[in-house]
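Structural overview for review
Listed below, chain by chain, are the residues.
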Amino acid sequence: MLYRLLADVTAAAHFVFVAYVVVGGFLAWRWPRSIFLHLIAFGWGFSTILFGLDCPLTHAENWARHQAGDAGLPSSGFIDHYLTGVIYPESALATVRVLVAVCVAVSWVGYGWLRWRAAGSATRLQASH
């Protein structure tokens, strides 16, 4: 029972991580310092896709599931098991990846624009004193 709960908590943390990779740049609009955490999360998340790096959350979930006597995730991993074919059709995987990349890019451009505006406002404020 405890291992099954641990597996479920790990899967939930994995969902949160994937969501943060997608929308973390937008959160940085409100909390600018969080952009560094988002850059790290994005780098790791996309490295698992681009370079086939193993995700420690997948290993943790598999370990907990095996300890509970359950089957682990398929070799294709977390996203293929929980999202592809469930949230979106398998045939849309390339499109989803492009949309995620566009979402991240838009969030970063927006973050840069907001930081640029804030820097300009600070400069104008200093010049007026």
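Our subject is the structure listed above.
Let us look at the structure shown here. Note that the structure is predicted; figures quoted are calculated from it, not measured.

So, how was this worked out
- Residues numbered from 1 in each chain as written.
- Predicted model: local features only at pLDDT ≥ 70, side-chain atom pairs only at ≥ 80, totals over all residues.
- Heavy atoms only, no water.
- Core = buried A, V, L, I, M, F, W, Y, C linked by side-chain atoms within 4.5 Å.
- Buried < 20%, exposed > 50% of the residue type's maximum accessible area, 1.4 Å probe, protein only.
- Helix = DSSP H or I, 4+ residues; strand = E, 2+ residues; numbered from the N terminus.
- Contact = heavy atoms within 4.5 Å.
- Salt bridge = Lys/Arg side-chain N within 4 Å of Asp/Glu carboxyl O.
- 1 Å grid on protein atoms, 1.4 Å probe; cavity = no way out; pocket = protein on both sides within 12 Å on 5 of 7 lines; lining within 4 Å.
- Points joined across faces, edges and corners; volume = space filled by probe spheres on them.
- Nonpolar A, V, L, I, M, F, W, Y, C, P; charged D, E, K, R; others polar.
- Expected span 1.5 Å × (residues − 1).

Some words on the nonpolar core
- Ranked by size, the top nonpolar core spans eight residues in total: Ala11, Val18, Leu73, Phe78, Tyr82, Leu83, Tyr88 and Leu93.
- Counting only elements with at least two residues in this core, the list comes to α1 (2-30) and α4 (78-82).
- Sequence-distant contacts of Phe78, defined by excluding residues within four places in its chain, comprise Ala11, His14, Phe15, Val18, Thr58, Glu61, Leu73 and Leu83.
- Formed by seven residues, the second largest nonpolar core is a distinct cluster that contains Val21, Ala41, Phe42 and Val100.

Some words on the pattern of salt bridges
- In this structure the tally under the stated criterion is three salt bridges.
- Asp8 serves as the salt-bridge partner of Arg65, at 3.3 Å between the closest nitrogen and oxygen. In this pair, Arg65 sits in helix α3 (residues 56-67) while Asp8 sits in helix α1, placing the two residues 57 residues apart along the sequence.
- In this structure, the salt-bridge partner of Arg65 is Glu61, at a minimum N-O distance of 2.9 Å. Of the two residues, Arg65 and Glu61 are both situated in helix α3; the distance of four residues between them amounts to about one turn of the helix. Each of the two residues, Arg65 as well as Glu61, counts as buried.

Concerning the layout of surface pockets
- Here the largest pocket defines a volume of roughly 780 Å³.
- Along the walls of the largest pocket sit 31 residues, with Gly45, Thr48, Ile49, Ile79 and Asp80 positioned nearest its centre.
- Listed by contribution, the elements that provide at least two residues to the lining of the largest pocket are α1, α2 (35-50), α3, α4 and α5 (93-128).
- The residue makeup of the lining of the largest pocket, split by class, is 19 nonpolar, nine polar and three charged.

Some points on the environment of Leu39
- Along the chain, Leu39 turns up in helix α2.
- A residue is classified by how much of its surface remains accessible, and Leu39, at 38% relative accessible area, is partly exposed.
- Remark: the alpha-carbon pair of Leu39 and Val22, spanning 17 residues in sequence, is separated by 11 Å.

Regarding α2
- In this model α2 runs 21 Å from its N-terminal to its C-terminal C-alpha over 16 residues, within 8% of the 22 Å that 1.5 Å per residue would give.
- Looking at α2, one finds that the buried residues are Ile35, His38, Ala41, Phe42, Gly45, Phe46 and Ser47.
- Remark: Gly52 follows α2 within two positions and exhibits a positive phi of approximately 70°.

Comments concerning the side chain of Glu61
- Since its relative accessible area comes to 0%, Glu61 is described here as buried.
- The contacts of Glu61, once residues within four sequence positions are left out, are Ala7, Thr10, Ala11, Leu73, Phe78 and Tyr82.

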